[in-house]
Amino acid sequence: MSDTAKLVYGAALGALYLVAGALHILVAVVGPIPGLDALPLTGDPLAGFVMLVVGAVFAAGARNLARDAGEDAIFVSVGVLLSVGFGLVELLALSAAGLDAYLLGGGAGWSVAGLVSPLLYLAVFGAAGYLAWGRKFLRGLSAA
Amino acid sequence: MREIRIALTGNPNVGKTTLFNALTGSRQHVGNWPGVTVEKKTGRVSHNGYEIEVVDLPGTYSLTAYSADEVVARDYILEERPDVVVQVVDATNLERNLYLTTQVAELGVPMVIALNMADMAEAQGDTIDLARLSEFLEIPVVRTVGTRGEGLDTLLEAAIKEAATSPHHEHTIGYGDDVEATIAMLADALSTDIDLARRYPLRWLAVKLLEGDENVLDKVRGGPALARVESILSSIDSDEYEAMMADKRYEAISAILPQVRKANVRNMSPSDMLDRVVTDRYLGIPIFLALMWGTFQLTFTVAAPFMTMIEAAVGWLAEFVAGSIEPAWLASFLGDGIIGGVGAVVVFLPNIFILFLILAFLEDSGYLARAAFIMDRPLYALGLPGKAFIPMLVGFGCNVPAIMATRSIEGEKDRLLTILVNPFMSCSARLPVYILLAGTFFPEQAGSVVFFLYVLGIAVAIASAKLFRSTILPGEVSPFVMEMPPYRIPTAITSLRHMWSRGSMYIRKAGSIILIGVLVVWALASFPLGVEYGSAESFAGMIGHLLEPLVAPLGFDWKVAVALIFGFIAKEIVVGSLGVLYGTGEETLSSALLADPGLSAAAALALMVFVLLYTPCVAAIGVIRQETGSWKWAGFSVAYGLVVAWLLAFVVGHSAGLFLGGI
C-alpha cells in the first residue's frame, strides 16, 4: 500500500474514531441526542475516550504522512493495532456477556443489538489495514 | 550424587527468571533473603550425576551498594560462596550487561556467562563469536534461549566443569597508574585486618572503598585497618575515582566488543519506531490509559461466565450443606460461615487471574517499561521519582511486594514517599468489592467504574506525594535511569506462569487469613446464644451500631461498618463479611444489596472509594513498618488513609447522589 493510500486511510479512520468518541462522550454527558437514536452509542464516556485516543493516533499518522515526516506510517500502523486490539477487547467482552446470559443464565441486559458497537464495527476497518500491512509491521516488531 | 550450588545473576530484564524456571521446572521454593524482604528463589535440577541447587539472585545493574538488591546479590556471592556464578547476559545489549560482568569477575569467583536471548540478537542480524568472547573474558560463554529452553544442558555442563576447576584467579580491569597505586595502598592497609582479608578479596574491597561504597566501609569499621583506610580515602575525591573506574570498565568493554560482535546497523528498528508512538509526548499517556481501560474491561467481562459457574457451584454446595447437615448451628457454621464467606471471595478468582494474565502480557511484551518512562515526567513534576512507577504498578497486584519493590529506589526520602503512597494503588484484593458493587449497582458501566477507581487511586497517590514532598518530606527527586527492553511477543507459557505465580497467592489467602476472618465474622454474627443470626443484637450488630455514626454520613449502615472493620485484616474479607452478615453467599448477595433500602447506588460508589483508599491491610502495614523501620510511619499511613478515604467517599458519594437520587 502506498503512503498516499495510508494517508487517506489514516485520515478517514482518524475522523471516524474521533467523531464516534466525541458523540459517545456527548451522550454520556447530556443523555440521548434526538436524531442520533439509530447510532448504537452506549454512553460510556471511557469507551468514548478510548475511541478519541485511537482516532488521535490515526490523525497524527495522517498528518505526519502529509508532512512527509519520513517515518514509514508508524502512527497509522500503531493506530491499526490499537483499532484491532480494542475491537478484540469489545468482541471478547460481548461474547463473554452473551455466553453468561444465554448459556449460564447469569448477567443482564445483553442483546444481539449490542454487538453493533462502534469499537467493534470500526475495528473492521482497522482489520482491513492490518491485513494490508499491519501484519508485516507486527512480524518486524517481534523479530526485532 | 555430588551436589553443587549455582547462583544466577544478571541485569533486570535479561530473561534470568525465565532461565531459572526453565532450569528448575517445578522444583522451586520462594522465600525472602534473611533479614530483608527481597524475594529469594531457589530451585533444584539433576544433571549428569550432579544434584544442583540454583539460586536466582535479584536483578542488578552493578554490584555497588546503591540498592538493597545489589547488596543482597553481592553478599550472597561473597559470603555464601556458591560453587559457580552464572551471569545471564542479554545478547542484544552486550555493552551494559558486560559492565556487570567486570564487577562480578572482580569478586574472583568461578563464573560462566549464559548469553541469553541469542535468537533475538541473531534476528537483528548481529553475530557474536562466543569462542572469542570467552577467550577475551577468560570465562566460559554458552548460548542460551531461555524461552525455548535452548542451551540449558550445555550451560549446566559448563557450570559443573567450572565448579570442578581450581584454582581460580581474579579477573581484573586495569584502572590506570594513579588509581592502581591507591588500590595497592588500600589493599595493603586492609591486609592488616586478618578477619576481613580471610572473607573478602582485598583488591575488590579496595575498589569498592574508592567508589565510596558505604556498605564496604561499614565492614572495615571497628577493625585495625580503619585509621589507615580513612586517611587514604580522605586524600582522594571518591566521586572522581568512581567515574574514572567506570570509564575504564567501559573502555575495556569497548575494546573487546568490536572483536567479538558484528552488529547490524540500521536507521531505526521497528521497536524504536513503536517507541515513537507509545512514548509520544502527547499521546503516550492517553494510550497507556486506554490500554488500562481495555485491561479492566476484559477483567470484568471475560470473567463473568466463569464467575457464574463458580457461583452456581458455591450455591449448590451451600444448599446441600443446609439441607443435609444437623444440628442447625453446624449447618450455619459451614453454610453461612465457611461456604458463604469464603465462597463469596473465591468467586472472584477468574477476575484476579485474568487481570494478572493481562498485566503479565503487558510486562513481558516490554510495554510496562515504556509506561514507566512516559509516567516519569508527570511523576517527577509531582515530586515522585520515575522509578516509583514500577512499585506503583506492582501495587495493582498486591501492595506487599510493591512496598518491597521500593528497595530499587536509591534516595531514602524518595523511597519513603513511594512507600507511603503505594497503598492507594488498588490491589487485587479490592477488586472483588468493586466487581460486586459495580456489577450490582452499575451493571452497564461496571468496567468503566472499576477503571475510574483505579485512576482515582493513582490520582490520590500522586496528589499525596505532592503534599508530602512540600511538607513532611522536602527535597530533590532522584533522576530516572532505566533501560528500555526490546519489544517481544510474549509466549503463552511465560505469561501463564507469571499469572499463576501471582494469582495463586490469592488462593492461599482464601484458604488461610480470609477463612479465619469470615469465621470470626460468623461467630460475631451468631453470638450471644439465642440471637437471630446477623441481627442488630449479635456482637457484630453491637460493634456495627457503635461505629455506625462514623460512617452514616457516607451512606453506610452497621453491616458495612462491620465489613470495613474486618477488611482491615484483608480487603477481600469486606465481601466475605457482607456475604455472612446478609446471610447469603455471593450468589444472592447482589440481590440482597439491591433490596437493602439502606444502601443506595451513590452510597455503593462511596463504599468503593472508601475501600480503595482506607487503611492498608495488616500485611501491608507490617511491611511498611519493616521497610521504614518505624511504627510511626506505619501509623501515619493508617491514619492518613482513613482520613483521605472518609473525605473522598463523602465527596464522591454526595456528588453522585445529586445525579443518582440521593445517598
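Since this is a predicted model, take the numbers as computed values, not measurements.

### Notes on the nonpolar core
Residues and elements named next belong to chain B.
- Counting residues in hydrophobic clusters, the biggest one holds 153 residues, and the most contacted among them are Tyr367, Phe556 and Met608.
- Among the elements that line this core, the one with the most residues is helix α23 (residues 446–470), at 13 residues.
- In contact with Met608, not counting residues within four places along its chain, are Tyr434, Leu437, Ala438, Phe442, Val449 and Leu453.

### As for helix α28 (residues 573–581) of chain B
Residue and element names in this part refer to chain B.
- Extensive coverage of α28 is indicated by the burial of nine of its nine residues.
- When α28 is considered as a whole, its buried residues turn out to be Ile573, Val574, Val575, Gly576, Ser577, Leu578, Gly579, Val580 and Leu581.
- Among the residues trailing α28, Gly583 stands out with phi positive, at a value near 65 degrees.

### Some details on the pairing of strand β1 (residues 2–10) of chain B
Residue and element names in this part refer to chain B.
- When β1 meets strand β4 (residues 50–56), the two strands line up parallel, connected through seven bridges. When the sheet's bridge partners are listed, Arg5 is paired in β4 with Glu53.
- As paired strands, β1 and strand β5 (residues 84–90) are joined by five bridges and run parallel to one another. Bridging from a neighbouring strand, Leu8 pairs with Val86 of β5.

### Some points on the UniProt feature "transmembrane region" (unreviewed entry) in chain A
Residues and elements named next belong to chain A.
- Mapped onto the present numbering, the UniProt feature "transmembrane region" (unreviewed entry) falls at residues 7–33, 45–62, 74–96 and 108–133.
- With 89% helix and 0% strand, the stretch residues 7–33 has end C-alpha atoms that lie 32 Å from each other.
- With 100% helix and 0% strand, residues 45–62 has end C-alpha atoms that lie 25 Å from one another.

### So, the side chain of B:Thr144
Residues and elements named next belong to chain B.
- Residue placement: Thr144 occurs in the loop between β8 (141–143) and α6 (152–164).
- The buried category is assigned to Thr144, whose relative accessible area is 0%.
- Here the side chain of Thr144 touches Asn116 through a polar contact of 3.0 Å, side chain to side chain.
- Once residues within four sequence positions are removed from consideration, Thr144 is found in contact with Leu19, Ala114, Leu115, Asn116, Met117, Ala118, Glu150, Gly151 and Leu155.

Cut-offs and rules
Residues numbered from 1 in each chain as written. Chains lettered and ligands numbered in written order. Predicted model: local features only at pLDDT ≥ 70, side-chain atom pairs only at ≥ 80, totals over all residues. Heavy atoms only, no water. Core = buried A, V, L, I, M, F, W, Y, C linked by side-chain atoms within 4.5 Å. Buried < 20%, exposed > 50% of the residue type's maximum accessible area, 1.4 Å probe, protein only. Helix = DSSP H or I, 4+ residues; strand = E, 2+ residues; numbered from the N terminus. Contact = heavy atoms within 4.5 Å. Pairing = 2+ DSSP bridges. UniProt positions renumbered as here; feature names shortened; annotations may be inferred. Polar contact = N/O pair within 3.5 Å; in protein donor to acceptor, adjacent residues only side chain to side chain.

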